[in-house]
Amino acid sequence: MKRIAVFTSGGDAPGMNACIRAVVRSATYHNVEVFGVMRGYEGMIRGRLHRMESSAVSNTIQKGGTILKSARSQEFKNHEGRKKAYQQLRHFDIEGLVAIGGDGTFTAAKVFHEEFGLPIIGCPGTIDNDIYGTDYTIGYDTAVNTALEAIDKIRDTADSHNRVFFIEVMGRDSGYIAVQSGIGGGAEIIVSPENSNTTEDIINALRKGKLHHKASAIVLVAEGEVMGNATKLAAEVQAATEGLDIRVTTLGHIQRGGSPTASDRILASRTGVGAVEGLLKGKTSVMAGIQNNHLVYTPFDEAINKKKPINQELLRMVKILSI
């Protein structure tokens, strides 16, 4: 294999640039030419590829976002769109792909490989940490620390005014960010898809806090919670209680930005190198991840379809530490 391409797709995550850098530098080390695809699958269809030398990724490891940009592509969901993308890659003599993204990126990559046989290896880039086959995903640690910093600041104002703050963090289908940042930030209540909380549970927990002389409280809500978002839950609690001064803060896309933490930079670097070397060893339709501090390759089928549950010990700790 003499020429590969790398791209980022789906939601951006801190550390994606570190992964791109690792792909370019490791490919260069192995005398393989690297092309960057701008704007994910959409750019692939349009032929937006450019050669990336080692110098192209200098001074990027500390930057958030993605220098290759990202975009959703409706056209790639159709066979004709994927055929256009493959023809563009053939035009540039691309022999392998490194896809940096989440389950949507890997689902598309799996279909693309099945249809055209082009070797593809993925790197898990998503702040949600919901990809099976790796202990952590690129961007997750940074997102948790960003949320934690915000929680600490909101805690100050909540305490000053004896208020209850409902804080919504990202995690459409997973409560990883909510649970980890909630434990780290000392949240009184954590509401996530993995918990079976009800509005009554939240109310009872707040009343219990009053009995323990807690004048303020933090209720942390994962955005994908089946009961509703933070605004809806706060309104329900407010309507069912008296005397609570409730406020709502949605952290939103602030969790996607910022300079990646050391953990995310190292994880991105390890999986980026692993993806390139995996391609050179003939691997395909797999994701490079880290489990128990070892590089592993997980088939796209498993990475996409297998559930990655939150450690039950963490959920048990939430109940113990919230008293």
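Whatever comes next refers back to the structure up there.
Fair warning: this is a prediction, and the values are worked out from it, not measured in the lab.

Draft legend 1. Here's a closer look at the packing of aromatic side chains. One pass over the full model with this rule turns up nine aromatic pairs. Grouped by ring-pair contacts, the aromatic residues Phe7, Tyr41, Phe76, Tyr86, Phe112 and Phe116 constitute a single cluster. One cation-aromatic arrangement involves Lys308 over Tyr176; the distance from NZ or CZ to the ring centre is 5.5 Å.

Draft legend 2. Region of interest: helix α3 (residues 79–91). With 13 residues, α3 should reach 18 Å at 1.5 Å per residue; the first-to-last C-alpha distance of 18 Å fits that figure. Regarding α3, the residues found buried are Gly81, Arg82, Ala85 and Leu89. Buried residues in α3, looked at end-on, bunch into an arc of 95 degrees, giving them a common side. The exposed residues of α3 that point more than 90 degrees off its buried face are Glu80, Arg90 and His91. Looking at the buried residues of α3, the elements they touch are α2 (40–46), β3 (49–51), β4 (96–101) and α4 (103–116). Note on α3: the residue one or two positions beyond its end, Asp93, has a positive phi of about 60 degrees.

Draft legend 3. Examining the pattern of salt bridges more closely. Counted according to the given criterion, the structure contains 17 salt bridges. Where Lys214 meets Glu188, a salt bridge forms, and the shortest distance between an N and an O atom there is 3.7 Å. Here Lys214, found in the loop between α7 (199–211) and β8 (217–222), pairs with Glu188, found in the loop between α6 (176–184) and β7 (189–191); they are 26 residues apart in sequence, far enough to count as distant. Judged by relative accessible area, which is 25%, Lys214 ranks as partly exposed. The class of Glu188 is buried, set by a relative accessible area of 13%. Across the pair Asp245 and Arg247 runs a salt bridge, and its minimum N-O distance is 2.6 Å. A relative accessible area of 35% places Arg247 in the partly exposed class. In this structure, a network of salt bridges that share partners links the residues Arg3, Glu33, Arg51 and Glu53.

Draft legend 4. Structural view of the sheet that holds strand β9 (residues 246–250). Within the open sheet, the four strands sit side by side as β7-β8-β6-β9. Their pairing is parallel. If you trace the sheet from one side to the other, it starts and ends with β7 and β9, each paired once. Across the sheet, the axes of successive neighbouring strands diverge by a mean angle of 20 degrees, strand direction being ignored. Across six bridges, the pairing between strand β6 (residues 164–169) and β8 is parallel. Residue pairing for β8: Phe165 is matched across the bridge by Ile218. Strand contacts of helix α5 (residues 140–161): β6, β8 and β9, with the helix running at about 165 degrees to β6, the strand carrying the most contacts.

Draft legend 5. Main features of α4. A rise of 1.5 Å per residue sets the reference length of α4, with its 14 residues, at 20 Å; its end C-alpha atoms lie 20 Å apart and thus fit the reference within 8%. Along α4, the positions that sit buried rather than exposed are Thr105, Phe106, Ala108, Ala109, Lys110, Phe112 and His113. Once α4 ends, the next one or two residues include Gly117, with phi positive near 75 degrees.

The rules behind the values
- Residues numbered from 1 in each chain as written.
- Predicted model: local features only at pLDDT ≥ 70, side-chain atom pairs only at ≥ 80, totals over all residues.
- Heavy atoms only, no water.
- Phe/Tyr/Trp six-rings, centres within 6.5 Å; stacked < 30°, edge-to-face > 60°.
- Lys NZ or Arg CZ within 6 Å of the ring centre and 35° of its normal.
- Helix = DSSP H or I, 4+ residues; strand = E, 2+ residues; numbered from the N terminus.
- Expected span 1.5 Å × (residues − 1).
- Buried < 20%, exposed > 50% of the residue type's maximum accessible area, 1.4 Å probe, protein only.
- Arc of directions from axis to C-beta.
- Contact = heavy atoms within 4.5 Å.
- Salt bridge = Lys/Arg side-chain N within 4 Å of Asp/Glu carboxyl O.
- Pairing = 2+ DSSP bridges.
- Axes fitted to C-alpha atoms, helices over the stretch in contact; angles between N-to-C directions.

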